[in-house]
Amino acid sequence: MPDNTAIRPGIAIRNLVLHYGVHEVLRGISLDIADAEFVCLLGPSGCGKTTLLNAIAGFIFPTAGGIAVNGHEVRGPGAERGVVFQEYALFPWFTVEQNVQYGPRLAGVDRKALNAISDHYLELVGLSDFKRHYPNQLSGGQRQRVAIARALAAKPEILLLDEPFGALDAMTRESLQDELVRIWEAERRTCVFVTHSIGEAVFLAETIIVMQAQPGRIRAIIRNDAPRPRARTSDSYFSMYRKVDEALRDRT
Ligand SMILES: Nc1ncnc2c1ncn2[C@@H]1O[C@H](COP(=O)(O)OP(=O)(O)O)[C@@H](O)[C@H]1O
Ligand SMILES: [Mg+2]
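Only a predicted model underlies this, so the values are computations on that prediction, with no experimental measurement involved.

Trainee: What am I meant to see in the sheet that holds strand β5 (residues 72-73) here?
Mentor: Within a sheet, adjacent strands bond to each other through the backbone by hydrogen bonds, running parallel or antiparallel. Taking strand neighbours across the sheet as the criterion, the four strands line up as β2-β1-β4-β5 in an open arrangement whose pairing is antiparallel. Edge positions in the sheet fall to β2 (23-33) and β5, since each of these pairs with one other strand and no more. Inspection of the sheet shows strand β1 (residues 11-20) paired to β2 by seven bridges, in the antiparallel sense. In the strand pairing of β2, Leu16 is matched with Ile29. Its contacts with the sheet place helix α1 (residues 49-57) against β1, β2 and β4 (64-69), and it is angled at close to 120° to β1.

What follows is the structure, given as structure tokens:
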């Protein structure tokens, strides 16, 4: 189990092993994620990124080892961890505004405060003019903006994002990346973002966790100190890109 001698904010993963039946999906994952840090889990398809994220979310449980959030062992989902998936998991029968209000409404927030919350987060994601729309009236990028606003509105300390922009076209994807960085800088939540795109990880993350498959494990932890705002054409971006690419390819 995690070492709880010093309880500190953030996520502590200790010697995590996860099997599906006889299939060893994750082996010996140990990782510390600091409060307000932006971390990308990067690796090829099947290396266990989603499995690791779902374990942090508390949707599935490790075979051995453990995960602690703010010093408390993860035993299931919790309001301090918000999740955004690749597929737009919005309620189609709710308006944009009602979707964003969903978490705080469950938490018993009153009507007036609910409106203030949804107004704030819809403004943050640039969708103030769409609050009465239904999800099927929005583009893919707009739906993912709503999903992010909805996750944030529940005021999680930690945002867990599983390839949230994976289904979007390249231009929309870049603009959502820009927005996510702006939101992260404004709100300072811990972000754990799964991607198989090197460019996305280099643009977003402070720390890039390079994973490898069969079994899923950590190959390298790369600190990304490229200055912000980051430009996708800068020397620092390209040199970090090369470094991460080499770590992914390293066959030793
Ligand atoms: N529910 C499941 N039952 C059995 N095997 C699974 C299940 N979910 C994922 N796997 C296997 O675990 C491995 C890692 O999957 P996943 O975490 O989805 O990887 P990634 O998100 O990196 O693509 C894959 O080999 C996948 O086939
Ligand atoms: Mg996945």
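Next comes the rest of the write-up.
Trainee: Just to check I follow, could you spell out the site of ligand 1 for this structure?
Mentor: Looking at ligand 1, the residues that line it are Tyr20, His23, Val25, Pro44, Ser45, Gly46, Cys47, Gly48, Lys49, Thr50 and Thr51. Measuring from an oxygen atom of ligand 1, one finds a backbone N or O atom of Gly46 at 2.7 Å. For ligand 1, an oxygen atom lies 3.1 Å from a polar atom in the backbone of Gly48. Coverage of ligand 1 by the protein chains reaches 59% of its 550 Å² of free accessible surface. At the level of elements, β2 and α1 are the ones that each hand at least two residues to the shell around ligand 1. Per-element tally for the shell around ligand 1: the top contributor is α1, with three residues. A per-class count over the shell around ligand 1 returns four nonpolar, six polar and one charged.

Trainee: Help me out: how do you make sense of the sheet that holds strand β3 (residues 38-42) in this one?
Mentor: Here we have six strands laid out as an open sheet, ordered β6-β7-β8-β3-β9-β10, and mixed in their pairing. Here the strands that pair on one side only, and so sit at the sheet edges, are β6 (81-84) and β10 (217-223). This sheet shows a mean twist of 20° between the axes of neighbouring strands, independent of strand direction. Strand contacts of helix α7 (residues 235-249): β3, β9 (207-212) and β10, with the helix running at about 165° to β10, the strand carrying the most contacts.

Trainee: Looking at this model, I keep getting lost on the nonpolar core. Mind explaining?
Mentor: Side chains of a nonpolar character, in soluble globular proteins, are inclined to be buried together. Of all hydrophobic cores here, the largest spans 46 residues; its most connected members are Phe38, Tyr121, Ile148, Phe193, Ile208, Ile222 and Val244. When residues in this core are grouped by element, the largest group, seven residues, is from helix α4 (residues 140-153). If sequence neighbours within four positions are ignored, Ile208 has contacts with Cys40, Leu42, Ala201, Val202, Ala220, Ile221, Ile222, Asn224 and Val244.

Trainee: Even after reading the chapter, I still don't get empty space enclosed by the protein, so can you show me in this structure?
Mentor: Sizing a probe to match a water molecule and rolling it over the atoms shows the empty space that remains. A full pass over the atoms with the stated rule returns one cavity of 30 Å³ or more. Put simply, the largest cavity is a space of about 30 Å³. Leu152, Leu159, Leu180, Ile183, Trp184, Glu187, Arg189 and Cys191 are the residues that line the largest cavity. The dominant element in the lining of the largest cavity, judged by the number of residues it contributes, is helix α5 (residues 170-187), at four residues. Among the residues forming the lining of the largest cavity, the class breakdown is six nonpolar, no polar and two charged.

Trainee: Would you take a moment to explain the layout of surface pockets for this structure?
Mentor: Taken as a whole, the largest pocket spans an internal volume of roughly 500 Å³. Around the largest pocket, the lining is made up of 21 residues, and of these Arg81, Gly82, Val83, Ala151 and Ala154 lie nearest the centre. Here the element with the most residues in the lining of the largest pocket is β6; it accounts for four residues.

Trainee: Teacher, can you tell me more about the pairing of strand β8 (residues 190-195) here?
Mentor: Every regular strand shows the same layout, with side chains that alternate between the two sheet faces. A large share of β8 lies buried, amounting to six of its six residues. Of the two faces of β8, both are covered, the one formed by Thr190, Val192 and Val194 as well as the one formed by Cys191, Phe193 and Thr195. One ladder, built from five bridges, connects β3 with β8; its direction is parallel. Opposite Leu42, over in β8, you have Thr195 as the bridge partner. Of the pairings in the sheet, the one linking strand β7 (residues 158-162) to β8 comprises five bridges and is parallel in character. If you follow Leu159 over to β8, its bridge partner there is Cys191. In this region the chain leaves β7, passes through α5 and returns to the parallel neighbour β8; the handedness of that crossover is right-handed.

About the thresholds
Residues numbered from 1 in each chain as written. Chains lettered and ligands numbered in written order. Predicted model: local features only at pLDDT ≥ 70, side-chain atom pairs only at ≥ 80, totals over all residues. Heavy atoms only, no water. Pairing = 2+ DSSP bridges. Helix = DSSP H or I, 4+ residues; strand = E, 2+ residues; numbered from the N terminus. Contact = heavy atoms within 4.5 Å. Axes fitted to C-alpha atoms, helices over the stretch in contact; angles between N-to-C directions. Near = heavy atom within 4 Å. Polar contact = N/O pair within 3.5 Å; in protein donor to acceptor, adjacent residues only side chain to side chain. Areas by Shrake-Rupley, 256 points an atom, 1.4 Å probe, with all protein chains shown as cover. Nonpolar A, V, L, I, M, F, W, Y, C, P; charged D, E, K, R; others polar. Core = buried A, V, L, I, M, F, W, Y, C linked by side-chain atoms within 4.5 Å. Buried < 20%, exposed > 50% of the residue type's maximum accessible area, 1.4 Å probe, protein only. 1 Å grid on protein atoms, 1.4 Å probe; cavity = no way out; pocket = protein on both sides within 12 Å on 5 of 7 lines; lining within 4 Å. Points joined across faces, edges and corners; volume = space filled by probe spheres on them. Right-handed = clockwise from strand over helix to strand, strands pointing away.

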